[in-house]
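So you can see what is in the structure, the chains are spelled out below.
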Amino acid sequence: MTDEQLAAMHRLLAEYHRKLANEAVLDVVQQYHADLGQRLVDEAVLIPRRTAIVERLHEREQQIAEDGGENE
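Since the structure is predicted, the reported quantities are computational estimates derived from the model, not experimental observations.

Calculation criteria
Residues numbered from 1 in each chain as written. Predicted model: local features only at pLDDT ≥ 70, side-chain atom pairs only at ≥ 80, totals over all residues. Heavy atoms only, no water. Helix = DSSP H or I, 4+ residues; strand = E, 2+ residues; numbered from the N terminus. Contact = heavy atoms within 4.5 Å. Salt bridge = Lys/Arg side-chain N within 4 Å of Asp/Glu carboxyl O. Expected span 1.5 Å × (residues − 1). Buried < 20%, exposed > 50% of the residue type's maximum accessible area, 1.4 Å probe, protein only. Arc of directions from axis to C-beta.

### Topic: the side chain of His33
Then, number 1: Mapped onto the elements of the fold, His33 is located in helix H2 (residues 27-71).
Then, number 2: Not counting residues up to four positions away in its chain, the partners in contact with His33 are His17, Arg18, Leu20 and Ala21.

This is the structure:
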């Protein structure tokens, strides 16, 4: 699954939970779904950034491993 697909899935789930919040009768249920919808949107925004961080960490680990192999 690509970052774009994962972000789109988060946005779709966020829309679904916002719809449930609008339809809910109890305040606590409305708030739960509204909060969950917002968290999903927030996560969708962070996916590309987190992927870039993980890629940089992985590249750094590979570089360290390569440099360490040369020192032996």
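What follows continues from the structure just given.
### Considering the pattern of salt bridges
Side chains carrying opposite charge are able to pair once their charged atoms draw close together.
Then, number 1: All chains considered together, the criterion is met by two salt bridges.
Then, number 2: Here Glu23 and Lys19 are joined by a salt bridge, their closest N and O atoms 3.3 Å apart. You can see Glu23 and its partner Lys19 sitting in helix H1 (residues 3-23), four residues apart, about one turn around the helix.
Then, number 3: Between Arg50 and Glu43 there is a salt bridge, with its nearest N and O atoms 2.5 Å apart.

### Some words on H1
Then, number 1: Here H1 contains 21 residues, and its C-alpha end-to-end distance of 30 Å stays within 8% of the 30 Å for a straight helix at 1.5 Å per residue.
Then, number 2: Of the residues making up H1, those classed as buried are Ala7, His10, Ala14, His17 and Ala21. Along H1, the residues classed as buried sweep out an arc of 85 degrees about the axis, all on the same side. Residues of H1 that are exposed and angled more than 90 degrees away from the buried face: Glu4, Leu12, Glu15, Asn22 and Glu23.

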